[in-house]
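As a plain string of letters, each chain reads:
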Amino acid sequence: MALQEGTQFYIRQMRTMRAVWKDFGVVVYDTKNKSRDDKSAKVYSGAIVELQWESSKWNSATRKLVNQSYVHFVRLQEAAAGPNGAQADVLVKCSRHFRAILHECVLELKKIATATDGDAEADRESYVYQCELFSMMELIWHLCEILYLEVLPVGCLIQQLLEWVRWHSTPYEQLQHDIISAPCPEEHEHFWHLVYKLILQGSIREARDVLRLHSFAHNSPKVFESMDELLAKMPMMYSSGMASKAELLRSWQEWRGECCRRRDRGDFMLVPELQLLCQVLCGEEDALLDKSIVESCDEWYELMVGQLLFTSPLVLSTDYDVVATAEKCLGVFDAGGGAVRDKILLSALQGDIMNLITLCSASISNWWFVAHLTTIFHHSGILLASQLEYGFKLSEFLILEYASSIMSHPSLWPIALDYLSYCPTQGRHYQSMYVERIPLTSERKAIKVLRACNQYQLKEEAKTVCRVMAMRAYRSGRLGVALSWSLRSKDAAFAASLAEKYFDSYQSLGEFMDLDLLDHLGSAMLLSNKLAFLGKYREFHRLYGNGEFVAAGQLLVQLLVSNIVPMKFWMTILTDALPLLELESQVFNTEQTYALAHFLRQLSPIASQSLDHAAAEQDTSSQDGNNNKVSLLWLALVRNLSRAMLEAAPSL
Amino acid sequence: WAPGPGVFVLVPLLRMAEWVVKYVGHKVSKVRWRPQLAGSIDPSNIFASGSWDDVVNRVCIWRFPATAKAADEEGLNEPELVCAQTGPADIMDLVFLNRDHLACALSDGSVAVFSYKEAVGTLSHVRDWKKVHGQKDLPSPCTSLGVLAGSANVVSGGEDGRLNILRLDDQRPYATIATADSSTITGLDCSIPSEVLASSSNGMLKVWDLRKPPSKPARILAIESGDYTSINGVSRHPNQPNLVVLGCCDGSLCFWDLRQEKMPASLCHAHTLDVWEAKFHRSYPDQLFTCCQDGSLWHWDASSVEGSGQRSSWLSGAIACGKVDIVNHLPHNTLSVNSCDIESRHLVCGTDGEAIFVIMDLNLN
């Protein structure tokens, strides 16, 4: 982890450093208190430094890479889960999509790198480095696609390899332009290098065009015409894959025979470079390793493919020829040490998949490449074929690592969760731990996290999200929001405790908060008894306010009788009944009055008990008040009973 | 009204609507077309997008179709980035006050206004109302904005249940309804002068009359279905102002005739997950667009549904029964479509997959 200077300075000042994990980083702090004497430490002690891994790898190009490849990853998994598994053509198409996305990423990084102004030199360097890394990834991926995924008819491998070399080699257009515009093209020091390069890359037509620029082409045409004819008749270039192996072999051997004849005849003695070229066309070993040929190649694999083109063009990916040529060319080009990239390419050519994946994992600093490549390999069955019985475990492991790496960005959690869902053994465990650590910064985000929990059947975590949001709302005094979260998760226990809080606030304030919510609870109030009680109680108040006293009274009695009223609220309910009892017009009939009396009687022993304790308690006034209320209630009840009995009695 | 599950069969696209996707490197929370020049028939070619849930969030202005020069360079007909402004807070909502001013609702409880200068192609900060939502030391996100009809004043609603009326020339809110709602205000519609419709996450739609002192709402309408329902957004029919459509958190769409308070005219269980936005086309109100958490973007075409007399076809029971043509313009998308907007023939939408899709040349009757 590279630290900026300022950060290093803070850390160096710390005498006793401690660190704590946080999200995807570490918080480092100093535990020693600043001493009074040490004036210099005054400014710096107490600093908290937060460090994060890999924060520089995220830019718009890599974000695009992650998002676009996610889409194709999902499609691949869907295809693989189908009845016949993933067919070869689907795999190849998928691989090409990934490669296209990689290429787009490389171009984007180049654009960003050039657009970065001169001040941000460190940034630009990191972009350039990333650009090179991704280009290398594209190179390796392309080769793997050709060798392992493409189902190629005979003779097509060489064309694919030539295509591979052409796509990834440094562009020669500028050089070509220079040569064409030079007054005397063949005097240009790189003229013949360009010709050899084009020949080795299989760009025959372009090579012929360049050759025609040679002044000798006009003066002594026969030599150049002869070469031109040979090049024009070269087979293996536009094979449509329809011809059989025998036919292809025959036509190639015929052509090579003609090349050898012209070489031996001495057609090209006048121009030694053309002689060398003809020897190359004949596939002579010494010619292919000649100094000027080697110099015209930028990379060893250019030379390798060029050699294969002229020595064994019908090669198959499993032929030993390929590896032997590769090793030879590597030896010629060996800059010393053997770069990792070359080792990886060699493993690919050797068919050593395990080594390939190991080297890639070790050397490429992001998990994107190995995770996606291994997934494609896994679905194509190559891992099984290479006797990697634990192949599926390997691909799962790599996807886990990749998902973990994208967790480091706060935005990419939906994608990380979805990748984890494709890991059958360990994914769920990771998901449940991860989802609890996603910060819930707004209600909308919490809802999205909740939907993700539901999608992956993380029921406990879903409940946790709702509880967290409900508690947060409750602490900031927003009971309505808290209630809505507990309704969302059907959390009866929390809803019940919130209902109690509402009731407590009613008792202390004398009026309800959040009337709009209580009035429109609807059937959601059935979640909990206490909530239902709250809703019905509010309804009672509404009915009372509207003057519908009989209905209000009925509701009150129903509430008590249905047992949903907690005992501590009975007094309040009965007190509410008092004005109804004292009304001119009768509200309660005999049964209802008896019911009310029954509840009051149950309360009274408690009331009388509290009389005994009254001596011990200071607060005698409220006890008196209570007693007052009880006696008032008894009086009102008795009066109402008498009235009701009279009403009910048949008229005389 | 039929609360049962509707049978919604998606019509397969006979002619693939052409679309363009641009991966923008941030999750898109809102997209809005810039209003057309009054009286012009040229469709708007500028839209704004806001990002969310990122370390640095941005408001971007895009041009679509791109200028010829940009299209040549890229080789594609992608939306072209004109300018952007950045900030740490999520963009929760975005509205164009007029052709030159853009207001953003931010997750730190503020509302910011930017001015877009077409000639130079820049977006500059004009006005900030800081922390108008939430308590002083604990701001809560401002979740929705509305433009008061006939003026450039902004109404903002937030997670604290407060409604603010903000004027461009005044630093402090012009008016505040502190206890507008007991839960989060999720959507606002102010297309009728002096009337504000506010939807909440408790399943309620409140109608506020700004001519009277706003101590309580003029009306409260509530969806009282069995399960808990939260409304994510509200949108009025352009020709019939009493008809509103509400997108709900369980994927249902509620069509309400405001003259009837008791219950909605129809409740369609259309999508499977939250409907984030539902809006009518301004010029072709038989076309409705809904975008959903499950990644679908539906285009509802009610032009073949018979309305009964005065009632609009949207209120008829046929819609609830699924007898309406629906096309999903993003059949392969899996990440949530957070927002969509349509001005003339191009439908633009933004997703959690960090992509902006533009579906071009829609077939509108």
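Keep in mind that this is a model prediction, so the values were computed, not measured.

A. How the structure looks around the overall build of chain A. Scanning chain A from terminus to terminus reveals 33 helices and three strands. Across the 652 residues in chain A, those meeting the buried criterion constitute 49%. Long-range pairs, those at least 24 residues apart, make up 64% of the contacts in chain A with a sequence separation of at least 6.

B. Layout of the overall build of chain B. Counting its secondary structure elements, chain B contains two helices and 28 strands. The C-alpha extent of chain B, read off along each of the three principal axes, is 55 × 50 × 40 Å. Here chain B holds 365 residues, and 61% of them are scored as buried. Taking the intrachain contacts of chain B between residues at least 6 apart in sequence as the baseline, contacts between residues at least 24 apart amount to 50%.

C. Layout of unusual backbone geometry. In this model, B:Phe64 is joined to B:Pro65 through a cis peptide bond whose omega is -5°. Within the element layout of this structure, B:Pro65 appears in the loop between strand S4 (57-63) and helix H1 (68-74). Although it is not a glycine, A:Lys490 sits at a positive phi angle of roughly 55°. Take A:Lys490: it is sitting in the loop between helix H26 (479-488) and helix H27 (492-509). Positive phi is not limited to glycine here, since B:Lys131 has a value of about 50°. Position of B:Lys131 relative to the elements: it lies in the loop between strand S9 (122-129) and strand S10 (142-147).

D. Inspection of the packing of aromatic side chains at higher detail. Residues and elements named next belong to chain A. Tallied over the entire structure, the rule returns 31 aromatic pairs over all chains. Judged by centre distance (5.8 Å) and plane angle (55°), the ring pair of Phe503 and Tyr506 falls under tilted. Of this pair, Phe503 and Tyr506 both sit in helix H27, three residues apart, roughly one helical turn. You can call Tyr506 buried: its relative accessible area is 9%. With 6.0 Å between their ring centres and 20° between their planes, Tyr537 and Phe540 make a pair best called stacked.

E. Highlighting the packing of helix H8 (residues 204-211) of chain A against helix H10 (residues 221-232) of chain A. Residue and element names in this part refer to chain A. In the contact formed by H8 and H10, the axes pass within 10 Å of each other and the chain directions differ by 170°. Relative to H10, the element H8 lies roughly antiparallel. Between H8 and H10, the contacting residues are Ile204, Arg208 and Leu211 on the first element and Phe224, Met227, Asp228, Leu231 and Ala232 on the second. For the contact of H8 with H10, the residue count by class is six nonpolar, no polar and two charged.

F. The pattern of salt bridges, seen in detail. The tally for this structure, following the rule as stated, stands at 52 salt bridges over all chains. For A:Glu108, the salt bridge identified is with A:Lys64, shortest N-O distance 3.1 Å. Remark: A:Lys64 occurs in helix H2 (residues 60-80) and A:Glu108 occurs in helix H3 (residues 88-115); sequence separation between them is 44 residues. The residue B:Glu277 makes a salt bridge to B:Arg32 at a minimum N-O spacing of 3.0 Å. With B:Glu277 in strand S22 (residues 275-280) and B:Arg32 in strand S2 (residues 28-33), this residue pair connects regions lying 245 residues apart in the sequence. Accessibility classification places B:Glu277 together with B:Arg32 in one group, the buried group. By sharing partners, the salt bridges in this structure join B:Lys30, B:Arg32, B:Asp93, B:Glu277, B:Lys279, B:Arg282, B:Asp341 and B:Glu343 into a single network.

G. The arrangement of the sheet that holds strand S1 (residues 19-23) of chain B in detail. All names here are of chain B. Spatial strand order, S1-S28-S27-S26: four strands in an open sheet with antiparallel pairing. Of all the strands in the sheet, the pair left with one neighbour each is S1 and strand S26 (337-342). Neighbouring strand axes in the sheet, compared pairwise and without regard to direction, differ in orientation by 15° on average. Taken together, the five bridges between S26 and strand S27 (residues 347-351) define a ladder with antiparallel strand orientation. Each residue of the ladder has a partner; that of Asp341, found in S27, is Val348.

H. Spatial organisation of the pairing of strand S2 (residues 25-30) of chain A. Residues and elements named next belong to chain A. Buried residues dominate S2, accounting for five of its six residues. Pairing between strand S1 (residues 17-22) and S2: six bridges, direction antiparallel. Within S2, the position partnered with Ala19 by the bridge is Val28. The sheet contact formed by S2 and strand S3 (residues 48-52) spans five bridges and is antiparallel. Bridged to Tyr29 within S3 is Ile48.

I. Spotlight on the nonpolar core. Counting 220 residues, the largest nonpolar core has A:Trp164, A:Leu274 and A:Phe369 as its most contacted members. The next biggest cluster of nonpolar side chains, apart from the first, holds 21 residues, and it includes B:Leu253, B:Ala278, B:Leu288 and B:Ala320.

J. Broad picture of the sheet that holds S4(B). All names here are of chain B. With antiparallel pairing, four strands are arranged side by side in an open sheet as S2-S3-S4-S5. Unpaired on one side and paired on the other, S2 and strand S5 (80-87) mark the two borders of the sheet. In this sheet, neighbouring strand axes are inclined to one another by 20° on average, regardless of whether the strands run parallel or antiparallel. Summarising the sheet, S4 and S5 pair through seven bridges and their orientation is antiparallel. When the sheet's bridge partners are listed, Asn57 is paired in S5 with Gly87.

K. Spatial organisation of the pairing of strand S28 (residues 355-359) of chain B. All names here are of chain B. Burial analysis of S28 places five of its five residues in the buried class, the great majority of the element. Here S28 shows no split at all, with Ala355, Phe357 and Ile359 on one side and Ile356 and Val358 on the other all buried. In the sheet, S1 pairs with S28 via five bridges, with the strands oriented antiparallel. Directly across from Val21, in S28, lies its bridge partner Phe357. Strand direction decides the pairing type here: S27 and S28, joined by four bridges, are antiparallel. Pairing of Gly350 across the sheet is with Ile356, part of S28. Counted between consecutive antiparallel strands, the loop separating S27 from S28 contains three residues, among which Glu354 sits at a positive phi close to 55°.

L. Spotlight on the interface of chain A and chain B. Across the boundary between the two partners, chain A contributes 38 residues, which contact 50 residues of chain B. When chain A packs against chain B, close to 3600 Å² is buried across both sides, 50% of that on carbon and sulfur atoms. In terms of surface lost to chain B, no three residues of chain A exceed A:Arg444, A:Lys448 and A:His520, which account for 19% of the buried area on that side. At the junction of chain A and chain B, the tally comes to five salt bridges. In this structure, A:Lys445 engages B:Asp53 in a salt bridge whose closest nitrogen and oxygen atoms are separated by 2.8 Å. In this structure, the connection of chain A to chain B is made through 20 residue pairs in polar contact (both at pLDDT 80 or more). Those elements giving two or more residues to the side of chain A that touches chain B turn out to be H2, helix H22 (413-420), helix H24 (443-455), H26 and helix H28 (515-519) of chain A. Here the side of chain A that touches chain B gets seven residues from one element, more than from any other, and that element is H2(A). Grouping the constituent residues of the side of chain A that touches chain B by class yields 12 nonpolar, 12 polar and 14 charged.

M. Molecular detail of H26(A). In terms of burial, H26(A) is a largely internal element, 10 of the 10 residues being buried. In the core, the buried residues of H26(A) are packed alongside H24, helix H25 (459-475), H27, H28 and helix H29 (529-546) of chain A.

N. Focus on the environment of B:Gln85. Residue and element names in this part refer to chain B. With respect to the helices, strands and loops of the structure, Gln85 is situated in strand S5. With 102 residues separating them along the chain, Gln85 and Gly187 place their C-alpha atoms 24 Å apart. Contacts of Gln85, omitting those with residues within four sequence positions, involve Asn57, Arg58, Val59, Phe114, Leu123, Ser124 and His125.

Rules and cut-offs
- Residues numbered from 1 in each chain as written.
- Chains lettered and ligands numbered in written order.
- Predicted model: local features only at pLDDT ≥ 70, side-chain atom pairs only at ≥ 80, totals over all residues.
- Heavy atoms only, no water.
- Helix = DSSP H or I, 4+ residues; strand = E, 2+ residues; numbered from the N terminus.
- Buried < 20%, exposed > 50% of the residue type's maximum accessible area, 1.4 Å probe, protein only.
- Contact = heavy atoms within 4.5 Å.
- Phe/Tyr/Trp six-rings, centres within 6.5 Å; stacked < 30°, edge-to-face > 60°.
- Axes fitted to C-alpha atoms, helices over the stretch in contact; angles between N-to-C directions.
- Parallel < 35°, antiparallel > 145°, perpendicular 65-115°, else oblique.
- Nonpolar A, V, L, I, M, F, W, Y, C, P; charged D, E, K, R; others polar.
- Salt bridge = Lys/Arg side-chain N within 4 Å of Asp/Glu carboxyl O.
- Pairing = 2+ DSSP bridges.
- Core = buried A, V, L, I, M, F, W, Y, C linked by side-chain atoms within 4.5 Å.
- Buried area = accessible area lost by both parts, 1.4 Å probe.
- Polar contact = N/O pair within 3.5 Å; in protein donor to acceptor, adjacent residues only side chain to side chain.

Scope: geometric values only; no functional claims are made or implied.
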